[in-house]
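# Close look at the chain arrangement
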Amino acid sequence: AMSGRSLGFLAEPLAQIEPSTGVSQSAVLEALEKIRARHVAKLAPADRRHFLAAYHLERAAAMSRSGSRAGAIADLLQSWMHAPLRHRALAAVIHNCFAAARRI
């Protein structure tokens with residue numbers, strides 16, 4: 001557990017960020033790794049599974065933006081392996097895509 005702190009999920013986006021072509025995807029991957037290293041060990045097993053599913057989903061996006069199709073597929077598979085049935089991160093991405101489409 002996380003020493004009295006709770007981990008939650010918001011169905012609504014707090015910000016919309018468009019990936020920029022000027023952002024180094026290696027910097028994104030490095031930042032993701034720092035987040036993983038700092039937080040994953042503190043999580044309960046069920047929360048850790050969903051955290052790692054989201055982590056690998058974000059890595060897959062960064063790999064895709066950098067042109068590494070194989071890397072993106074590998075991380076997508078890792079993401080799915082961590083949460084094959086109730087994938088909260090993927091559900092949020094799909095929800096936000098449909099919400100954005102409705103606003104247009």
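Residues numbered from 1 in each chain as written. Predicted model: local features only at pLDDT ≥ 70, side-chain atom pairs only at ≥ 80, totals over all residues. Heavy atoms only, no water.

Over its 15 residues, helix 1 (residues 25-39) extends 21 Å from the first C-alpha to the last, a length consistent with the 21 Å expected when each residue adds 1.5 Å. Among all positions in helix 1, only Q25, L29 and L32 are buried. End-on view of helix 1: buried residues confined to an arc of 60°, all on one side of the axis. Turned more than 90 degrees away from the buried face of helix 1, the exposed residues are K34 and R38. For helix 1, the elements touching its buried residues are helix 2 (45-65). (Helix = DSSP H or I, 4+ residues; strand = E, 2+ residues; numbered from the N terminus. Expected span 1.5 Å × (residues − 1). Buried < 20%, exposed > 50% of the residue type's maximum accessible area, 1.4 Å probe, protein only. Arc of directions from axis to C-beta. Contact = heavy atoms within 4.5 Å.)

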